[in-house]
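Listed here are the chains, written in short residue letters.
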Amino acid sequence: MKILIAGIGKVGETLAADLSADGNSVTLIDTESEILEAGIEAYDVMSVEGNCASMETLLEAGVETADLLIAATGKDEVNLLSCMTAHQLNSRIHTIVRLRNPEYLEQAYRMQESFGVSMVFNPEKQTAKEIERLLKFPGFLQRDSFFKGRVEIVECLIDKNSKLNGISLQGMNEIVKCRVLVCVVLREGEAIMPDGQFVLREGDKIFVTAPTEQLSLLLKNLGVVTRKNRRVMLAGGGTVAYYLAQELLKSHIDVQIVEQDEERCNWLSEFLPQASILQGNAAKQTLLESEGLSACDAFVTLTGTDERNMILSLYAQNRGVPQVITKVNRLEDSKILDTLALGSVVCPRSLSSEHIVRYVRGMRNQTGAAVAIHTLAEEQAEAMEFIVEEGTLHCGEPLRDIRLKKNTLLVSIAHGTGIEIPNGDSTFAVGDRVVVVVGRDSDALQLNDIFKY
Amino acid sequence: MNYKMIGKILALILAACAVFMLPALFISMADAQTQAVQGFLFAFLVTGAVALVLWLFSRGATKDFFAGEGMVCVGLGWILMSLFGSLPFLISGEIPRFIDALFEIVSGFTTTGASILTDVEALSRGMLYWRSFSHWIGGMGVLVFVLAVAPVSPKNEGFTMHLLRAESPGPSVGKLVPRMRKTVLVLYLTYIVLTIVNFLFLLVDLSPFEALMTAFGTAGTGGFGIRNSSMMAYTPYTQVVTTVFMLLFSINFTCYYLLLLGRIKDVLKDEELRLFFAVVVASIALVTLDLCTSAPTLFSSFGENLRHASFQVSSFVSTTGFVSANYDLWPAFSKAILFFLMCMGACAGSTGGGFKAVRVLILIKVLFRNINQALHPKRVKVIRINGKAANEKLLSGTTAYLVLYLAVFLVSFFLISLDGESMMSNISSVMACLNNTGPGFEAVGAVSNYAGFSVLSKGVLIFDMLAGRLELFPILMLFRPASWRRD
């Protein structure tokens, strides 16, 4: 597919990487030639310099024959104008627009037609949603859902007191007493695809596939206290904090927001009357303590600086806050994240990119590409959802007879409404959906790519 | 440096080189030339074997690949390709000395067309084919070809940009379409189609073999012919056809793509193209006029003056180096024009060599700006090329290129002078090799060749041809110790 990406910021760059690796023809549009230069040297893409809202630039980038425009500049107005212009020039084009100002969201949905917008994405809102999901199941560091939310891959940390510490994977089923599958173990920054003899130890992060309805059972049997979050403290009162607080307040969770800027505090107080807004520097430990950090169920760091978020999270972990979530904008690839006890790490740009990549794959689904893709274990592994088609090999054969490529696992099968965590006897048939986990160096784009022959 | 990845790409280059030898091998077999068959067969096997070993050595290469790696790859790739490409000449004994064989094939691959052969017609048909075919391969570039067909995984192909940049001529190499493979295919298809059209036009007067060889020589803007008298003996029709096609192959290939898309206006507005054709038309007019007035006895009619003037202008500006008449006998002014054209060369993004019209364009604009700024020191002026602001890096890069170009020229000129030829012979031989033109003036002129030079001079000229074809940096990079540091 021919895709134009306008505005090469954090999200735009991630998209360029993911979409071009997926085999699409990608053209980047930006006003900064240096950013474009870096883009074409890193990915197999083309670039056009100019203002993406101007007709001339769009035409130069080939909007007339493009299938999709992603407007991801930092300015909502420019993004909308760009989509409108593109839509006028090519009525067939799909457009994905980034809107971050909550004041525009409503009208963007209602006037979708006249703006020519196919999909709105909002990294801040998605981040808030993701954090909310994590807050609902405090035992998991990360959750990725498949089969429309019926199966999840969740990330758990094995700590000193964990029931799984020192247990082999074969022995694990007796403890958790439900059918789950460990697909990846992250040990000392390296992703391992384990077999049954693999013994878990303290510090490992495991990625477990389980049906969504069994998640609470899993938590209970793992010995993680299933308590509900009742009091959450947010450090930083930006847009993510606003969306998150909105959602949390709806489920009657107490929200405290620490924000430095006085004007922003007034705004938050006006639009979030039920939340308690604290004006002050979140880095001041006395402030956090006096407002009862130790008594909180969860602490989320949402300030604009990655480094500050990390320090704050470390401090909260140290104070014994049960659940800590860290937002990271830039440093996501950094190996250092794994070595620190930051709790869950959430990265807005990857979330948005995954979301859009899923949309694009949906657009061209007839080609047999994955319908969903999530990165696991610090981008060292990928979980992909496929639909089994007529041309798929090995239909109806038991899994133990099928040879998969190295570092490849079939972790879940959905037959109609039934969900199966597969074993050697499992089979799949045309129409089923499957989730496959592969290592980072895999070049699998289609389901048949995972088989050895 | 990522040696494994470099090894992998070099293996692909050599594999391509080996495959390219096959047609010549078949021709030699058909002609039952045992010597030539031996030469090609041996060269094919050796090249293929080395490619295989390199490929095995470079398994498990990581994908860290930057501009430096791209340049080293291209520089080394061309040197290796030349070494292995010289094997058929050497083994068959048709060019018995190593330095001569190397000179001949480098001249072929770099589309120079300078020859050390005193009697071209003595070569077997297989060798003639290999010589001319090397022009065609080198014209568009081997790596570019490898990029089009190589089995590289679809993920993270950004690095291929460094290869395209290092091998393709011109200061700002870009893609036509987002996908590298598709870009390269478009370029090669244009190249193939134009070559076929040229071949069909030539078939009217020439035998198929001769037409194909001439088409190869024209398409790559190389200049190897299969006759001792180059194109002097050919009919006026063939000469006119060649004149036109030499010009067509020295236009930026992007223009053809834009024409296909129907964007004729953009092509007509292209500043480089305008400059190029303005220079060509003016040169033809001036040379014709000069021939008519200063040397009225040379040719019999105005038409003939015009034909030879256009042919020679086209041949020099495209850096092909075909010869339709002994231009060494022409008046000094005409020769001066031809010398200037040789230095300027063709458009960027074509198969032609030289300094490139677009660089001349940029330098003229920079020059005017600097003169202007001397008068109005506070004046801010952004230089625009084709309506787009050119960034300062491109401008300073172009000036730096000019300095480097002159430096390489001067050093080579000093070294060549040791041979004791005349001043003009030395200057023009270096220029003809550095710009990939082929024939120069006097001792290396229209009816002479490079056979008389010493081994040292041939070595220097081989260096110049490679440096000129790859636009200096990839070859010079190889002499920089830091390029080889392991980190």
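Here is what the cut-offs are and how they apply
Residues numbered from 1 in each chain as written. Chains lettered and ligands numbered in written order. Predicted model: local features only at pLDDT ≥ 70, side-chain atom pairs only at ≥ 80, totals over all residues. Heavy atoms only, no water. Disulfide = S-S within 2.5 Å. Buried < 20%, exposed > 50% of the residue type's maximum accessible area, 1.4 Å probe, protein only. Pairing = 2+ DSSP bridges. Helix = DSSP H or I, 4+ residues; strand = E, 2+ residues; numbered from the N terminus. Axes fitted to C-alpha atoms, helices over the stretch in contact; angles between N-to-C directions. Contact = heavy atoms within 4.5 Å. Domains from an automatic or database assignment. Core = buried A, V, L, I, M, F, W, Y, C linked by side-chain atoms within 4.5 Å. Patch = residues over 30% accessible without salt bridge, like charges linked within 9 Å, V, L, I, M, F, W, Y side chains within 5 Å. Areas by Shrake-Rupley, 256 points an atom, 1.4 Å probe, with all protein chains shown as cover. Salt bridge = Lys/Arg side-chain N within 4 Å of Asp/Glu carboxyl O. Parallel < 35°, antiparallel > 145°, perpendicular 65-115°, else oblique. Left-handed = near helix turned anticlockwise from the far one by under 90°. Nonpolar A, V, L, I, M, F, W, Y, C, P; charged D, E, K, R; others polar. pLDDT = per-residue confidence, 0-100. Phe/Tyr/Trp six-rings, centres within 6.5 Å; stacked < 30°, edge-to-face > 60°. Lys NZ or Arg CZ within 6 Å of the ring centre and 35° of its normal. Polar contact = N/O pair within 3.5 Å; in protein donor to acceptor, adjacent residues only side chain to side chain. Right-handed = clockwise from strand over helix to strand, strands pointing away.

This part takes up the state of the cysteines. A covalent bond between the sulfur atoms of two cysteines is referred to as a disulfide. For the structure shown, the criterion picks out zero disulfides over all chains. Left unpaired, Cys 296 of chain A is separated from the closest cysteine sulfur, that of Cys 265 of chain A, by 17 Å. Residue Cys 296 of chain A is classed as buried on the basis of its relative accessible area of 2%. Counting only cysteine sulfurs, Cys 343 of chain B is the nearest neighbor of Cys 433 of chain B, a cysteine outside any disulfide, at a range of 13 Å. Using a relative accessible area of 0% as the deciding quantity, one classes Cys 433 of chain B as buried.

Adjacent strands of a sheet pair through backbone hydrogen bonds, lying either parallel or antiparallel. Residues and elements named next belong to chain A. Pairing in this open sheet of five strands is antiparallel, and the strands run β18-β19-β22-β20-β21 from one edge to the other. Unpaired on one side and paired on the other, β18 (372-376) and β21 (418-420) mark the two borders of the sheet. Pairwise comparison of adjacent strand axes, ignoring direction, gives a mean angle of 20° for this sheet. In the packing of helix α15 (residues 348-363) onto the sheet, contacts are made with β18 and β19 (381-387), and the angle to β18 comes to roughly 150°.

Under the domain assignment used here, chain A contains domain 1 (2-121), domain 2 (139-222), domain 3 (231-350) and domain 4 (388-450). Look at where the C-alpha atoms of domain 1 of chain A and domain 2 of chain A centre, and you get two points 39 Å apart.

Among soluble globular proteins, nonpolar side chains are generally buried collectively. Counting 161 residues, the largest nonpolar core has Trp 130 and Tyr 450 of chain B as its most contacted members. In terms of residue count, helix α1 (residues 3-30) of chain B provides more of this core than any other element does, 15 residues in total. Once you skip the residues sitting within four places of it in the chain, Tyr 450 of chain B turns out to touch Phe 103, Ala 114, Ser 115, Ile 116, Ser 429, Ala 432, Cys 433, Gly 438, Gly 440, Val 444, Lys 458 and Leu 461 of chain B. Membership of the second largest hydrophobic core comes to 48 residues, among which are Ala 61, Leu 249, Leu 268 and Leu 351 of chain A.

What follows concerns unusual backbone geometry. The phi torsion of most residues other than glycine is negative, and most of the peptide bonds are trans. Although it is not a glycine, His 252 of chain A sits at a positive phi angle of roughly 60°. Within the secondary structure layout, His 252 of chain A lies in the loop between α10 (239-250) and β13 (254-259). In this structure, Thr 111 of chain B takes a positive phi of about 60° despite not being glycine. Here Thr 111 of chain B is to be found in the loop between α5 (98-109) and α6 (125-140).

Let's shift gears to the sheet that holds strand β16 (residues 323-327) of chain A. Residues and elements named next belong to chain A. Strand order in this open sheet of six strands is β14-β13-β12-β15-β16-β17, and the pairing throughout is parallel. Single-partner strands in this sheet number two, and they are β14 (276-279) and β17 (344-346). Between one strand axis and the next, the sheet turns by 20° as a mean value, whatever way the strands run. Bridge analysis of strand β12 (residues 231-235) against β13 gives five bridges, and the strand direction is parallel. Looking across to β13, one finds that Arg 231 is bridged to Asp 254.

Okay, a nonpolar patch on the surface next. Together, Leu 189, Ile 192, Ile 196, Leu 200 and Leu 203 of chain B make up a nonpolar patch on the protein surface, roughly 420 Å² of accessible area in all. Assignment of secondary structure puts Leu 200 of chain B in helix α9 (residues 180-203).

Okay, the packing of helix α18 (residues 392-417) of chain B against helix α20 (residues 455-469) of chain B next. Residues and elements named next belong to chain B. The interhelical angle for the contact between α18 and α20, taken along N-to-C directions, is 165°, at an axis separation of 9 Å. With respect to α20, the axis of α18 lies roughly antiparallel. As α18 packs across α20, the resulting crossing turns out to be left-handed. Here Val 408, Ser 412, Leu 415 and Ile 416 of α18 lie close against α20, whose contacting residues are Leu 456, Ser 457, Val 460, Leu 461, Phe 463 and Asp 464. A breakdown of the residues in the contact of α18 with α20 according to their chemical character gives seven nonpolar, two polar and one charged.

Right, let's get into the pairing of strand β7 (residues 142-146) of chain A. Residues and elements named next belong to chain A. With four of five residues buried, β7 lies mostly within the body of the structure. Summarising the sheet, β7 and strand β8 (residues 151-157) pair through five bridges and their orientation is antiparallel. Residue pairing in the sheet places Gln 142 in a bridge with Glu 155 of β8. Counted between consecutive antiparallel strands, the loop separating β7 from β8 contains four residues, among which Phe 147 sits at a positive phi close to 50°.

Before going further, it helps to examine the confidence of the model for chain B. Residues and elements named next belong to chain B. For chain B, per-residue confidence averages 88 on the pLDDT scale, and 97% of positions sit at 70 or higher. Mean pLDDT values for the elements of chain B range from 76 in helix α7 (residues 142-149) up to 94 in helix α11 (residues 236-249). On the interface metric, ipTM, the complex scores 0.75, and its pTM is 0.80.

This paragraph deals with the packing of aromatic side chains. Residue and element names in this part refer to chain B. Taken as a whole and assessed by the stated rule, the structure comprises 34 aromatic pairs over all chains. Look at Tyr 188 and Tyr 191: their rings are 5.9 Å apart centre to centre, the planes differ by 75°, and that puts the pair in the edge-to-face class. Taken together, the residues Tyr 188 and Tyr 191, both in helix α9 and three residues apart, mark about one turn of the helix. Tyr 191 shares its class with Tyr 188; the two are buried. Judged by centre distance (5.5 Å) and plane angle (80°), the rings of Tyr 327 and Phe 441 are edge-to-face. Of this pair, Tyr 327 sits in the loop between α15 (302-317) and α16 (332-344) while Phe 441 is found in the loop between α19 (423-434) and α20, placing the two residues 114 residues apart along the sequence. Overall, the relative accessible area of 2% leaves Phe 441 in the buried class. When the ring centre of Phe 224 is taken as reference, the NZ or CZ atom of Arg 131 above it lies at 4.0 Å.

Further remarks concern the side chain of Thr 57 of chain A. Residues and elements named next belong to chain A. One can find Thr 57 in helix α3 (residues 55-60). The buried category is assigned to Thr 57, whose relative accessible area is 8%. Within the structure, Thr 57 has its side chain in polar contact with the backbone oxygen of Asn 51 (distance 3.2 Å). The residues contacting Thr 57, other than those within four sequence positions of it, are Ile 29, Val 48, Glu 49, Gly 50 and Asn 51.

For the structure on display, the rule yields 17 salt bridges over all chains. Put simply, Asp 44 of chain A and Arg 179 of chain B hold a salt bridge, and the shortest N to O gap is 3.5 Å. Of this pair, Asp 44 of chain A sits in the loop between α2 (33-42) and β3 (46-49) while Arg 179 of chain B sits in the loop between α8 (160-167) and α9, placing the two residues on different chains. Exposure class is identical for Asp 44 of chain A and Arg 179 of chain B. Each is buried.

A word on the pairing of strand β15 (residues 298-301) of chain A. Residue and element names in this part refer to chain A. The alternating pattern of β15 places Ala 298 and Val 300 and Phe 299 and Thr 301 on opposite faces, both of which are buried. Sheet topology note: the β15/β16 ladder contains four bridges and is parallel. Bridge assignment links Ala 298 to a residue of β16, and that residue is Gln 323. In this region the chain leaves β15, passes through helix α13 (residues 306-318) and returns to the parallel neighbour β16; the handedness of that crossover is right-handed.

A few words now on the environment of Tyr 43 of chain A. Residues and elements named next belong to chain A. By the secondary structure assignment, Tyr 43 is in the loop between α2 and β3. Between the C-alpha atoms of Tyr 43 and Tyr 315, which are 272 residues apart in sequence, the distance is 39 Å. Looking at Tyr 43, its side chain comes within polar contact range of the side chain of Glu 13, at 3.0 Å.

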